[in-house]
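# Overview (structure and organization)
Next come the chains, spelled out residue by residue.
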Amino acid sequence: MKAEIQTLHNVWAAHRSINVTDGHQISFNELTNSIVSTGPISFFIIDFYDMSISHVSDSVYEIHGLNPGSITINDILCLLHPDDIKFVIKAEEFLTTFFINKVGRDKLMSYKISYNYRVRLKNGNYVLFNHQALMLTLDKTGGYGKSLIINTRIDHLGHTPNYKISLIGLHGEPSFMNLSIDENTEVPISFSKREIDIIKNISKGLNSGEIADKLFIAESTVKQHRKNILTKAECKNTAQLVKTCILHGLI
């Protein structure tokens, strides 16, 4: 596991900030509005400049048995299931390429990254968690600064990682779901801001009429969006859609 952890450090080191002063940063409101929690969570902020961590939640002890006051990034990485660490390495490498070639590195702070893997609990068992990462700061060259990491326990939805990545767009950016790290030629599933708004309201139990009133659009428009969303997500019904979107960190 030590070799794999060092490889992951190398991936981050190639893109981390080389300046102490951050050139850009996300606002607090954008940060709080982007957080999704569907189960027990732990969180921390990592500074890629020196790999230090801060703002560690007390729940890391209750969930994983780690001391929030002395925890290191390697302590956290050692919690990953040995069979999932290689996916995490590939995922981080894939994300770098995807932002450069598909989205634009300047939009790193306009997306929340989401994928899932198994993590060790305090009792020694491994269960499925959803990993969400939100870049908080970048330096003037676009180097990685600080990032908020949120891990949410989701074993009530499944037990095996899907080894897919989702990018959730913030402030109007489109979202991409179910990206495969091994199939670079595939067309990513993309949801517009309007579609995301509708998905979030579906997850709250609202029907098409209620969603139409809330978003100030026609009910027929909502129904058409719902059909398009199910087709894009390759889901047969609303229940499957909500589960899929939770697994990918969309809601």
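Scroll up a little and you will see the structure.
Computed from a prediction, not measured in an experiment: that's the story for all the values here.

In terms of burial, strand β2 (residues 41-47) is largely enclosed, as 5 of its 7 residues are buried. In this structure, β2 lies alongside strand β7 (residues 146-153), joined through 7 bridges in antiparallel fashion. Residue pairing in the sheet places phenylalanine 43 in a bridge with isoleucine 150 of β7. With 3 bridges joining them, β2 and strand β3 (residues 52-54) adopt antiparallel strand pairing. By the bridge assignment for β3, isoleucine 45 is matched with serine 54. Two successive antiparallel strands, β2 and β3, enclose a turn made up of 4 residues, where methionine 51 displays a positive phi of approximately 65 degrees.

Attention now moves to the nonpolar core. Counting residues in hydrophobic clusters, the biggest one holds 49 residues, and the most contacted among them are Phe44, Ile46, Ile53, Tyr115, Ile165 and Leu167. The element contributing the most residues to this core is helix α5 (residues 85-103), with 10 residues. Apart from the residues lying within four places of it in its own chain, the contact partners of phenylalanine 44 are Ile53, Ser54, His55, Val56, Ile73, Ile76, Ser147, Leu148 and Ile149. The next biggest cluster of nonpolar side chains, apart from the first, holds 24 residues, and it includes Ile199, Val222, Cys245 and Leu250.

Within this structure, the stated rule accounts for 6 salt bridges. For lysine 232, the salt bridge goes to glutamate 195, with nearest N and O atoms at 2.9 Å. Remark: glutamate 195 occurs in helix α6 (residues 193-203) and lysine 232 occurs in helix α8 (residues 219-233); sequence separation between them is 37 residues.

Moving on to the packing of aromatic side chains. For the structure on display, the rule yields 9 aromatic pairs. Judged by centre distance (5.7 Å) and plane angle (25 degrees), the rings of phenylalanine 94 and phenylalanine 98 are stacked. Of this pair, phenylalanine 94 and phenylalanine 98 both sit in helix α5, 4 residues apart, roughly one helical turn. Relative accessible area serves as the criterion here: at 12%, phenylalanine 94 is assigned to the buried category. Phenylalanine 98 sits in the buried class, given a relative accessible area of 7%.

A few words now on empty space enclosed by the protein. This model, assessed by the stated rule, comprises 1 cavity of 30 Å³ or more. The calculated volume of the largest cavity comes to roughly 400 Å³. Residue lining of the largest cavity: 32 residues in total, with Trp12, Glu92, Tyr115, His131 and Ile149 positioned closest to the centre. Looking at side-chain class alone, the lining of the largest cavity contains 26 nonpolar, 5 polar and 1 charged residues.

Quick look at the side chain of histidine 64 now. When you line up the elements, histidine 64 lands in helix α3 (residues 59-64). Not counting residues within four places of it along the chain, the set of residues in contact with histidine 64 comprises Ser42, Ser59, Leu79, Val119, Arg120, Leu121, Lys122 and Phe129.

A separate point is the sheet that holds strand β10 (residues 189-191). Strand order in the open sheet made by the 8 strands is β3-β2-β7-β5-β4-β8-β9-β10, with antiparallel pairing throughout. With partners counted over all chains shown, the strands left at the sheet margins are β3 and β10, one partner each. The sheet shows a mean angle of 25 degrees between the axes of neighbouring strands, direction not considered.

Helix packing geometry: the angle between the two helix axes and the distance between the axes. Contact geometry of helix α1 (residues 2-13) with α5 gives a least axis separation of 10 Å together with a crossing angle of 10 degrees. As far as their axial angle goes, α5 and α1 are roughly parallel. Seen from α1, the contacting residues are Glu4, Thr7, Leu8, Val11 and Trp12; seen from α5, they are Ile85, Lys86, Val88, Ile89, Glu92 and Glu93. Residue classes in the contact of α1 with α5 are distributed as 6 nonpolar, 1 polar and 4 charged.

What counts, and where the lines are drawn
Residues numbered from 1 in each chain as written. Predicted model: local features only at pLDDT ≥ 70, side-chain atom pairs only at ≥ 80, totals over all residues. Heavy atoms only, no water. Buried < 20%, exposed > 50% of the residue type's maximum accessible area, 1.4 Å probe, protein only. Helix = DSSP H or I, 4+ residues; strand = E, 2+ residues; numbered from the N terminus. Pairing = 2+ DSSP bridges. Core = buried A, V, L, I, M, F, W, Y, C linked by side-chain atoms within 4.5 Å. Contact = heavy atoms within 4.5 Å. Salt bridge = Lys/Arg side-chain N within 4 Å of Asp/Glu carboxyl O. Phe/Tyr/Trp six-rings, centres within 6.5 Å; stacked < 30°, edge-to-face > 60°. 1 Å grid on protein atoms, 1.4 Å probe; cavity = no way out; pocket = protein on both sides within 12 Å on 5 of 7 lines; lining within 4 Å. Points joined across faces, edges and corners; volume = space filled by probe spheres on them. Nonpolar A, V, L, I, M, F, W, Y, C, P; charged D, E, K, R; others polar. Axes fitted to C-alpha atoms, helices over the stretch in contact; angles between N-to-C directions. Parallel < 35°, antiparallel > 145°, perpendicular 65-115°, else oblique.

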